[in-house]
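Chain by chain, the residues:
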Amino acid sequence: QARLDLELLQGEIEDMAGNYTAARSHYNAALALAAVGVTDHQRAKLHEVLGILEARYAHLEEAIEHIQAAGHYYRAAGNLVCEVGVTNTNLSYAYLVKRRYAEAVPPALRALQFFGELNHPYWLALNEANLAEACFYLEEIEKAENYAQQGLRREEVFARPYCLYVLGHIRRVQSRFVEAESYCRQAIAAAKEIEDLWGQAPSWRALGECYRDAGRKEDAQAAFEEALKIFEKLGVAQEVEVVKGL
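Definitions and cut-offs
Residues numbered from 1 in each chain as written. Predicted model: local features only at pLDDT ≥ 70, side-chain atom pairs only at ≥ 80, totals over all residues. Heavy atoms only, no water. Helix = DSSP H or I, 4+ residues; strand = E, 2+ residues; numbered from the N terminus. Contact = heavy atoms within 4.5 Å. Buried < 20%, exposed > 50% of the residue type's maximum accessible area, 1.4 Å probe, protein only. Polar contact = N/O pair within 3.5 Å; in protein donor to acceptor, adjacent residues only side chain to side chain. Core = buried A, V, L, I, M, F, W, Y, C linked by side-chain atoms within 4.5 Å. Phe/Tyr/Trp six-rings, centres within 6.5 Å; stacked < 30°, edge-to-face > 60°.

1. Re the environment of His 47
Among the secondary structure elements, His 47 is positioned in helix 3 (residues 40–56). Separated by 20 residues in the primary sequence, His 47 and Tyr 27 place their C-alpha atoms 8.6 Å from one another. If near-sequence neighbours (up to four positions away) are discounted, His 47 is found in contact with Leu 31, His 66, Ile 67, Ala 69, Ala 70 and Tyr 73.

And the structure:
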């Protein structure tokens, strides 16, 4: 039990520090120890953190397997909030990172409905950010803006960068480039404030796309290089290739 708790804690420390290979190693070691003598809730937590980690790297099958296992164990533990709300939020995120936007929408809506009944602003804001991005890429621009603005109004710092860079994308496709730049810059600043590299990188990419569409090629190049540097540091091969393509 003590070894499992230590491995999980070390995994979370490495995760927060951005050392994701080390984090995965600790999480898997904890999962191996969880074969006997631990609670369903502990097993659920281990599968949840592994699911999110795999989702970040666009390993969709592995992510879904862990996320669904987490939901199973949360159900066994009687934790309805995590079984329904958190599990659906994480499923939406996994599909979103893989760019399977239509599949990201149903679980996010289910989670939004669930957390709406609980009036839980943090989880509502995260799902609104997910829905904003999915709807943008599905070319449902009005829906995307509504979700992003609603997420911002909840004033949850961890969702703020994601809502802002989606609004930057929206203003870009509307050719409102001054506003687009402002939203992207705000997104970068908000992500830096909470030391969230996963929020900074796509915000720089969105800013690069804004400059590109506005005809500011040198500024676009600089912004894309910032995004590329962060994605390379995170080791996310899918996003590295996307930015190189841009």
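2. Brief notes about the environment of Tyr 27
The topology assignment puts Tyr 27 in helix 2 (residues 20–33). Taking relative accessible area as the criterion, Tyr 27 reaches 1% and is therefore assigned buried. Separated by 159 residues in sequence, Tyr 27 and Gln 186 place their C-alpha atoms 34 Å apart. Discounting residues that sit within four places of it in the chain, Tyr 27 has contacts with Leu 8, Gly 11, Glu 12, Asp 15, Leu 46, Val 49, Leu 50 and Leu 53. At 3.0 Å, the side chain of Tyr 27 and the side chain of Asp 15 are in polar contact.

3. Notes on the nonpolar core
By size, the foremost hydrophobic cluster in this structure holds 79 residues, and its most contacted members are Tyr 27, Phe 115, Trp 204, Leu 207, Phe 231 and Leu 234. With 10 residues, the top contributor of residues to this core is helix 7 (residues 121–137). In this structure, Phe 115 is in contact with Val 81, Gly 85, Val 86, Thr 89, His 120, Trp 123, Leu 124 and Asn 127, ignoring residues within four places of it in sequence.

4. Comments concerning unusual backbone geometry
Trans peptide bonds make up the majority, and among non-glycine residues the majority have a negative phi. Of note, the phi angle at Ala 58 is positive, near 65 degrees, even though the residue is not glycine. For Ala 58, the location among the structural elements is in the loop between helix 3 and helix 4 (60–77). Residues other than glycine seldom take positive phi values, yet Asn 119 does so here, at roughly 55 degrees. Within the secondary structure, Asn 119 is located in the loop between helix 6 (101–118) and helix 7.

5. A word on the packing of aromatic side chains
The final tally for this structure, using the stated rule, is nine aromatic pairs. Centre to centre, the rings of Tyr 20 and Tyr 57 are 6.0 Å apart; their planes meet at 65 degrees, and the pair counts as edge-to-face. Residue Tyr 20 is found in helix 2, and its partner Tyr 57 is found in the loop between helix 3 and helix 4; the two are separated by 37 residues along the sequence. Judged on exposure class, the residue Tyr 20 and its partner Tyr 57 are both buried. Taking the centre distance of 5.5 Å and the plane angle of 85 degrees together, the rings of Phe 114 and Phe 115 count as edge-to-face.

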